[in-house]
Amino acid sequence: MKRSEGVTALYPGSFDPVHNGHLDIIVRARRVFGRVVVAVATNVGKQAMFSTEDRVEMLRAAMAGQEGIDVQAFEGLTVEFAASIGAGVIVRGLRANEDFEFELKMAAMNKRLHPEIETVFMMTSPEYAYLSSTLIREVTGFGGSVAGLIPAAVEARLARLPKPRP
Ligand code: ADP
């Protein structure tokens, strides 16, 4: 496959925390687009487990040394941020049906706001189909192991959290 060198893709999300399902999408997106900007949302509606700075730091550590991949925090509308950095594409990952309805609405609204920006969906790799940051937070919260599902930087950071009481 020939990469679209001139195209910057924005991959936005909460990444609270980043997991291997996210990393898989980032690496695959980079195979298609010249530059991938991973955009960490500061305005996370739900109560975040990690601060924006921590989420950015863990992503940067996970992506260290990978050419053409940047990590940045942003606030406000995703599509406005995409336009402000000259991204032609917004990449989103799709898991099962439950992602579809939300993503359809979001893509339609973003198209209305910035018709020149395309949303491109990448299907999850089957081994990550069940993986979500929510699940990582829940399992960790009860002291369960999420080893092998998250990058080393997140594993190290989770290990420093206070242990749940028995
Ligand atoms: P948000 O908070 O915007 O839902 P997340 O941080 O949970 O975002 O995820 C960012 C993006 O990664 C979204 O497009 C989401 O659908 C996608 N994603 C999350 N988990 C997976 C996974 N296991 N496989 C593929 N894509 C995923």
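Quick summary incoming for the structure in this document. The structure presented is a predicted model; accordingly, all values stated were derived computationally and were not measured.

Criteria and cut-off values
Within each chain, residues carry numbers counting from 1 in the order of the written sequence. The predicted origin of the model limits local features to residues at a pLDDT of at least 70 and limits the giving and counting of side-chain atom pairs to 80 or more, whereas totals for whole chains, interfaces and linings rest on all residues. Heavy atoms from the whole structure form the basis of all side-chain values; hydrogens and water molecules are not counted. In this description a helix means any DSSP run of H or I spanning at least four residues, a strand means any run of E spanning at least two, and both kinds are numbered starting from the N terminus. Pairing of N or O atoms within 3.5 Å defines a polar contact, subject to two protein rules: one partner must be a possible hydrogen donor and the other a possible acceptor, and residues neighboring in sequence count only if both atoms are side-chain atoms. In what follows, a contact means two residues having at least one pair of non-hydrogen atoms within 4.5 Å. Residues are classed as near a molecule or strand on a simple rule: at least one heavy atom within 4 Å of it. All accessible areas in this document rest on Shrake-Rupley with a 1.4 Å probe, and a residue is counted as covered only by the protein chains that are shown. Amino acids outside the nonpolar list (Ala, Val, Leu, Ile, Met, Phe, Trp, Tyr, Cys, Pro) and the charged list (Asp, Glu, Lys, Arg) are all regarded as polar, and Gly is one of them. Angles here are taken between N-to-C directions and fall from 0 to 180 degrees, while the axes themselves are lines fitted to C-alpha atoms, restricted in helices to the stretch in contact. Orientation categories follow fixed angle ranges, with anything under 35 degrees roughly parallel, anything over 145 roughly antiparallel, 65 to 115 roughly perpendicular, and all other angles oblique. Whenever a carboxyl oxygen of Asp or Glu lies within 4 Å of a side-chain nitrogen of Lys or Arg, that contact is scored as a salt bridge. Per-residue accessibility, obtained with a 1.4 Å probe over protein chains only, is compared with the maximum for each type, and a residue is labelled buried under 20%, exposed over 50%, and partly exposed between these values. Put simply, a patch holds well-exposed residues, over 30% relative accessible area, that have no salt bridge, with like charges counted together within 9 Å and Val, Leu, Ile, Met, Phe, Trp or Tyr side chains within 5 Å.

In this section: the side chain of serine 133. Considering the arrangement of structural elements, one finds serine 133 in helix α5 (residues 133-141). Separated by 2.8 Å, the side chain of serine 133 and the backbone oxygen of proline 17 make a polar contact. Those residues in contact with serine 133 that lie beyond four places of it in its chain are Asp16, Pro17, His19 and His22.

Near the ligand you find 17 residues, and of these Tyr11, Ser14, Phe15, Gly93 and Tyr128 are the closest. Take phenylalanine 15: an N or O atom from its main chain is 2.9 Å from an oxygen atom of the ligand. Here glycine 93 contributes a backbone N or O atom positioned 2.6 Å from an oxygen atom of the ligand. In isolation the ligand has 550 Å² of accessible area, and contact with the protein removes 89% of it. Of all elements in the fold, only β1 (4-13), α1 (20-32) and β4 (89-94) reach the threshold of two or more residues within the shell around the ligand. Per-class residue counts for the shell around the ligand are six nonpolar, seven polar and four charged.

Bringing the packing of helix α2 (residues 52-62) against helix α6 (residues 152-159) into the picture now. At a minimum axis distance of 8 Å, the contact between α2 and α6 shows a crossing angle of 140 degrees. For the element pair α2 / α6, the angle class is oblique. Contacts from Asp54, Met58 and Ala61 of α2 reach α6 at Ala153, Val154 and Arg157. Residues that form the contact of α2 with α6 fall into these classes: four nonpolar, no polar and two charged.

Let us now look at the pattern of salt bridges. Counted by the stated rule, this structure contains eight salt bridges. With a closest N to O distance of 2.6 Å, arginine 157 and aspartate 54 form a salt bridge. One end of the pair, arginine 157, is in helix α6; the other, aspartate 54, is in helix α2, with 103 residues separating them in the sequence. Each member of the pair, arginine 157 as well as aspartate 54, is classed as buried.

A few words now on a nonpolar patch on the surface. On the surface, Leu77, Met109 and Leu113 cluster together into a nonpolar patch covering about 280 Å² of accessible area. In this fold, leucine 77 is placed in the loop between β3 (69-74) and α3 (78-84).

With relative accessibility at 19%, the residue arginine 157 sits in the buried group. A distance of 2.6 Å separates polar atoms of two side chains, one belonging to arginine 157 and the other to aspartate 54. The residues contacting arginine 157, other than those within four sequence positions of it, are Phe50, Asp54 and Met58.

Remember, this is a structural readout, not a statement about activity or role.
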